[in-house]
Every structure is written in C-alpha cells, then in structure tokens.
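In case you want the letters, here they are:
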Amino acid sequence: KRNNLTYMDTYKLAPYSTKKFYVKCLDCGEFSDKKIRLGQLTYSGYSCKSCSNTISLPNRFMRNLLKELNIDFIAEWCPSWGEGKFYDFYIPSLELIIEMDGGFHNNDTKYYSAIETKFIDRRKDFLANKHKIKVIRIECSYKGSDIYKNEKDVINNTYNKLYDVFNLNYDLLETIMDLSRDKDK
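Residues numbered from 1 in each chain as written. Predicted model: local features only at pLDDT ≥ 70, side-chain atom pairs only at ≥ 80, totals over all residues. Heavy atoms only, no water.

*Asks:* How do you make sense of the sheet that holds strand β3 (residues 74-77) when you look at a structure like this?
*Replies:* As a general point, the strands of a sheet are linked pairwise by backbone hydrogen bonds and lie either parallel or antiparallel. The sheet built from four strands is open, its strands ordered β3-β4-β5-β6 with mixed pairing. The open sheet has two edge strands with one neighbour each: β3 and β6 (134-139). The average angle at which neighbouring strand axes cross in this sheet is 30°, direction not considered. Strand direction decides the pairing type here: strand β4 (residues 87-91) and strand β5 (residues 96-101), joined by three bridges, are antiparallel. Note on β5: the bridge partner recorded for Phe-89 is Ile-98. (Pairing = 2+ DSSP bridges. Helix = DSSP H or I, 4+ residues; strand = E, 2+ residues; numbered from the N terminus. Axes fitted to C-alpha atoms, helices over the stretch in contact; angles between N-to-C directions.)

*Asks:* Hey, could you run me through the packing of helix α4 (residues 151-166) against helix α5 (residues 170-181) in this one?
*Replies:* Geometry of a packed helix pair, given as the angle between the helix axes and the separation of the axes. Between α4 and α5, whose axes approach to 10 Å, the crossing angle comes to 135°. One element, α4, and the other, α5, form an angle in the oblique class. The crossing of α4 and α5 is right-handed. Across the interface between the two elements, Glu-151, Lys-152, Val-154, Ile-155, Asn-156, Thr-158 and Tyr-159 from α4 touch Tyr-170, Leu-173, Glu-174, Met-177 and Arg-181 from α5. Looking at side-chain class alone, the contact of α4 with α5 contains six nonpolar, two polar and four charged residues. (Parallel < 35°, antiparallel > 145°, perpendicular 65-115°, else oblique. Left-handed = near helix turned anticlockwise from the far one by under 90°. Contact = heavy atoms within 4.5 Å. Nonpolar A, V, L, I, M, F, W, Y, C, P; charged D, E, K, R; others polar.)

*Asks:* In this structure, what is going on with the pattern of salt bridges? I would like to understand it.
*Replies:* Charged atoms that come close allow side chains of opposite charge to pair. The full count for this structure, using the stated rule, is seven salt bridges. Where Arg-137 meets Asp-125, a salt bridge forms, and the shortest distance between an N and an O atom there is 3.0 Å. Residue Arg-137 is found in strand β6, and its partner Asp-125 is found in helix α3 (residues 114-130); the two are separated by 12 residues along the sequence. Of the two residues examined, Arg-137 and Asp-125, each falls in the buried class. One connected set of salt bridges, linked through shared partners, spans Glu-99, Asp-101, Asp-121, Lys-124, Asp-125 and Arg-137. (Salt bridge = Lys/Arg side-chain N within 4 Å of Asp/Glu carboxyl O. Buried < 20%, exposed > 50% of the residue type's maximum accessible area, 1.4 Å probe, protein only.)

*Asks:* Is there a simple way to think about the environment of Leu-94 in this case?
*Replies:* The topology assignment puts Leu-94 in the loop between β4 and β5. A C-alpha to C-alpha distance of 9.8 Å links Leu-94 and Asp-72, two positions 22 residues apart in sequence. Leave out the neighbours within four places in its chain, and Leu-94 touches Val-165 and Phe-166.

*Asks:* Teacher, can you tell me more about the packing of aromatic side chains here?
*Replies:* Any pair of aromatic rings gets described here by the distance separating the centres and the angle formed by the planes. For the structure on display, the rule yields seven aromatic pairs. Centre to centre, the rings of Trp-77 and Tyr-90 are 3.8 Å apart; their planes meet at 10°, and the pair counts as stacked. One end of the pair, Trp-77, is in strand β3; the other, Tyr-90, is in strand β4, with 13 residues separating them in the sequence. Taking the relative accessible area as the measure of exposure, Trp-77 reaches 15% and is therefore buried. Residues Trp-81 and Tyr-87 carry aromatic rings whose centres are separated by 5.9 Å and whose planes lie at 55° to one another, so their mutual orientation is tilted. For the pair Trp-81 and Tyr-87, one class covers both residues: buried. (Phe/Tyr/Trp six-rings, centres within 6.5 Å; stacked < 30°, edge-to-face > 60°.)

*Asks:* Explain the nonpolar core to me, please; I cannot follow it from the model alone.
*Replies:* Taken as a class, soluble globular proteins show a tendency for nonpolar side chains to be buried jointly. Within the largest apolar cluster, 22 residues are counted, with the highest numbers of intra-cluster contacts made by Met-62 and Ile-98. Every element with two or more residues in this core is listed here: α2 (57-68), β4, β5, β6, α4 and α5. With nine residues, the next largest nonpolar core counts Trp-81, Tyr-87, Tyr-90 and Ile-133 among its residues. (Core = buried A, V, L, I, M, F, W, Y, C linked by side-chain atoms within 4.5 Å.)

*Asks:* Even after reading the chapter, I still don't get α3, so can you show me in this structure?
*Replies:* Three- or four-residue spacings in an α-helix give side chains the same orientation, since the helix completes a turn every 3.6 residues. Compared with an ideal rise of 1.5 Å per residue, which puts 17 residues at 24 Å, α3 spans 24 Å between its outermost C-alpha atoms and is within 8% of the ideal. Tucked into the core, α3 has its buried residues touching β4, β5 and β6. Looking one or two residues past α3, Lys-132 carries a phi angle of roughly 60°, positive in sign. (Expected span 1.5 Å × (residues − 1).)

Next comes the structure, spelled out in structure tokens:
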C-alpha cells in the first residue's frame, strides 16, 4: 500500500523526521521497495533502483527492455539457495536468469581477481541449474572507461542471446538503449 503524500505535504513535516514513506521516482514513476525515513531523504536524497545513473548502463538497458516487453522480473534477486549471491534479473514465469556481465568479469578488481570472478559466475550458474533455472549471460564488457563506444556490442549481444526467448526487434533494442542512456546526459 502506497502513501498519498504529495510534494507539497513534505513542507508540513520536519526535514529530519523519522516518519517513513514510500518514495515515487519523479523520472520513471516507480516506487521504492521499502519505506524510507524523511530524514534520510533530506540528508542523502533519493536514488531510484530502476533508473538512477548509479546503476550500470547494461542493467538499466535490460531493466527497461523487460519493462517494455511487459515481463515480470525481479532485479538483484538473492534466492535462499544462492549462497548470498545476487542475480541481475530473474524471470519467474520462464525460470530464467539474465546476467549482464560487465567489465569486471574479465579484469581484476580490488575485491576479486578475474579468475575468482569467473569461479563465482560458474558457481552461480551451477546453483541456478541445480534448481532448474536457466542462466543467460550477456557480455557487456568494454575497453577503457567509455561504455558508450560499445553500446552496439551490448545491443548485438542482447539480440543474439535473447532473440529466440522474446522474439526481439532490433530497432526496439536501439530505442531502449537511447532511453537507458538519457539518464547520463
């Protein structure tokens, strides 16, 4: 159940109030999953889980694509059997997981080496398959720091991996990429 608090109503509350509210993103209209303290919003602001530019472009792209296709999904899914690991997108109706494999899957990071990351990915795939859930991995890595030079690769990889699953239209993918990128401008 969502609150009916309007923007003007917030002026009637103390800015560091401990009252909690669901927050509606002004850009995409999606509500927060849980209530957030007004004081936290005053101090930190709100970062939408769907469209914020703190989410990687490939994940925003996939989220927007699934929403456009009217497919029910769970983002950042952490199943009880997953050993604390998160999966990018889970589609319950298809028993399908989509993983958007970005640059850190092929490079060392301050947390894991590329070899450790590949091991973790193989383990996640094994666990999902053990529970009869198919995993599709879409390569989204890019050279350097500019993913925008490789948007076509992300689109092509998505098209090639998911065409049979969703009967995709290539033009739709380009439109969704444009929509996903707009938040960064």
